[in-house]
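Observations on the three-dimensional arrangement
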Amino acid sequence: EQNCQPCSVADFERFARAKLPSSAAGYYRSGACGEHTLAFNQSAFQRIRIRPRVLRDVSTRDMAVTIQGREVKVPIGVAPTAMQKMAHPDGECANARAVGRAGSVFILSTLSTSSIEEVAAAAPDTIKWFQLYVYKDRELTKKLVARAEAAGFKALVLTVDASAWGMRYADARNKFILPPHLKLANFSGNLSSGVSEKTSGSALQKYIEDVFDLNITWDDVKWLKRITKLPVMVKGVLTAEDAKIAADIGVGGVIVSNHGGRQLDTSPASIEALPEISKAVGDRVEVYLDGGIRYGTDVFKALALGAKMVFVGRPAVWGLTYNGEEGVKKVLDILGNEFDTTLALAGCRSPADIRSDMVTHESTYSK
Ligand code: FNR
């Protein structure tokens, strides 16, 4: 099989799993508890049908969208995933460069193995957002925000679905640690090397419970808005109720996400949660989605249901594992080409042509 070239995102997944050490493979793959939501994220897309329109002139097409006032060439960005140097020595820098070449948005995790400044230097032309975890040490948290601003990041993405750390049994079983030659590059001392210290279970879980402020509330969203000029997005909203609070506070965007099925198991698939959220706040804030995007048709469905763009987490990690920057670029190109073909086959020339009545739940056809 290693002689075949990977053509689909699923091919990259298989190749990456075979190549990675089991502990890293388990960390990247796993979801929380029974991994039901992890599975829903993909199966829910399969339950949605596309209703294509035919015989329309779709000979010239354009995938570009405007996100936070900036042109993005394809509405498929890269979600924040921690510790990317386990996948490839070039880690986040390679990932961010590939995203820049695709003309999209790269979100850097707080828990990155390349620092904010390294990623900014490696990918100066990429649109970069910084994902924030709030540390108990608020001065340190403020410094992260200031560093992201100084390094030219264009938005902050506050992860709001981590009021406890999801139970990922793969990591507990493997007694997951970050290999000690790698560091959490945004920090120094123990905050940088803590995830490499062996414990009775997942070293990441222990680190997070020690140093993160897991008890953040809407007041902390307001606090974050006060200390930064950048737009603040909230990532991990799954209900219309919370999306309305976020919009009332004046966030820049809402990322509909269940953290790739890694936090609350049996929470809905992101694509299932999207319609109520876009209906509730889509006219007030930009709504994005991540979770389970593996095909261009998934991107089409998310846009039809109100997302302005989508993000992929694991697929980028698989590309990175396969061969660094080029692998991520290939994965993004596959998704982009599939999305472009989907536009054509559904009778659309651009994302603006996608209408909500072009998708329907499978149950429509079994009545
Ligand atoms: C994540 N995710 C995540 N989210 C976040 O806000 N900060 C983080 O550091 C991480 N780290 C992380 C690591 C790994 C290995 C995975 C798989 C996920 C969640 C991520 O941003 C995103 O919500 C999901 O990955 C989207 O689902 P898919 O595309 O992986 O199906």
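Our subject is the structure listed above.
Summarised in this report is the structure supplied together with it. Worth saying up front: this structure is predicted, and the values here are computed from it rather than measured.

Rules of the game
- Residues numbered from 1 in each chain as written.
- Predicted model: local features only at pLDDT ≥ 70, side-chain atom pairs only at ≥ 80, totals over all residues.
- Heavy atoms only, no water.
- Helix = DSSP H or I, 4+ residues; strand = E, 2+ residues; numbered from the N terminus.
- Buried < 20%, exposed > 50% of the residue type's maximum accessible area, 1.4 Å probe, protein only.
- Polar contact = N/O pair within 3.5 Å; in protein donor to acceptor, adjacent residues only side chain to side chain.
- Core = buried A, V, L, I, M, F, W, Y, C linked by side-chain atoms within 4.5 Å.
- Salt bridge = Lys/Arg side-chain N within 4 Å of Asp/Glu carboxyl O.
- Arc of directions from axis to C-beta.
- Near = heavy atom within 4 Å.
- Areas by Shrake-Rupley, 256 points an atom, 1.4 Å probe, with all protein chains shown as cover.
- Nonpolar A, V, L, I, M, F, W, Y, C, P; charged D, E, K, R; others polar.

Right, let's talk about the side chain of Ser202 for a bit. Within the secondary structure, Ser202 is located in the loop between helix H8 (190-193) and helix H9 (203-211). By relative accessible area, Ser202 is classed as buried at 11%. In this structure the side chain of Ser202 is engaged in a polar contact, spanning 3.1 Å, whose partner is the backbone nitrogen of Gln205.

Here we come to the nonpolar core. Counting 109 residues, the largest nonpolar core has Met83, Leu111, Tyr207, Phe212 and Ile271 as the members making the most contacts within it. Looking at which element gives the most residues to this core, the answer is helix H14 (residues 314-346), with 12 residues. Among the nonpolar cores identified, the runner-up in size contains 15 residues, and Val65, Ala155, Ile255 and Met309 belong to it.

Scanning the entire structure with this criterion turns up 19 salt bridges. Measuring nitrogen to oxygen at the nearest pair gives 3.1 Å for the salt bridge that ties Arg355 to Asp357. Note on Asp357: relative accessible area 37%, which makes it partly exposed. Here the residues in one salt-bridge network are Arg97, Arg101, Glu325 and Glu326, joined through shared partners.

Here the focus is helix H10 (residues 218-227). An α-helical segment advances 3.6 residues per turn. Residues three or four places apart therefore align on the same side. Inspection of H10 places Asp220, Val221, Trp223 and Leu224 among the buried residues, and these make up the whole buried set. Here the buried residues of H10 occupy an arc of 160 degrees about the axis, which is enough to place them on one side. Facing away from the buried surface of H10 by more than 90 degrees, the exposed residues are Asp219 and Arg226.

For the rest of this paragraph, the subject is unusual backbone geometry. Residue Cys33 is not a glycine yet carries a positive backbone phi of 45 degrees. With respect to the helices, strands and loops of the structure, Cys33 is situated in the loop between helix H2 (22-29) and helix H3 (36-46). We classify Cys33 as partly exposed; its relative accessible area is 33%. Phi is positive for Met83, close to 55 degrees, though the residue is something other than glycine. By the element assignment, Met83 lies in the loop between strand S4 (76-78) and helix H4 (91-102). For Met83, a relative accessible area of 0% corresponds to the buried category.

In this section: the site of the ligand. Around the ligand, 23 residues are found, and the nearest of them are Pro80, Ser109, Thr159, Arg294 and Gly313. A distance of 2.7 Å separates an oxygen atom of the ligand from a polar side-chain atom of Thr159. Taking Gly292, its main chain carries an N or O atom lying 2.9 Å from an oxygen atom of the ligand. Protein coverage of the free-state accessible area of the ligand, which is 600 Å², stands at 99%. When grouped by side-chain class, the residues that make up the shell around the ligand number eight nonpolar, 10 polar and five charged.

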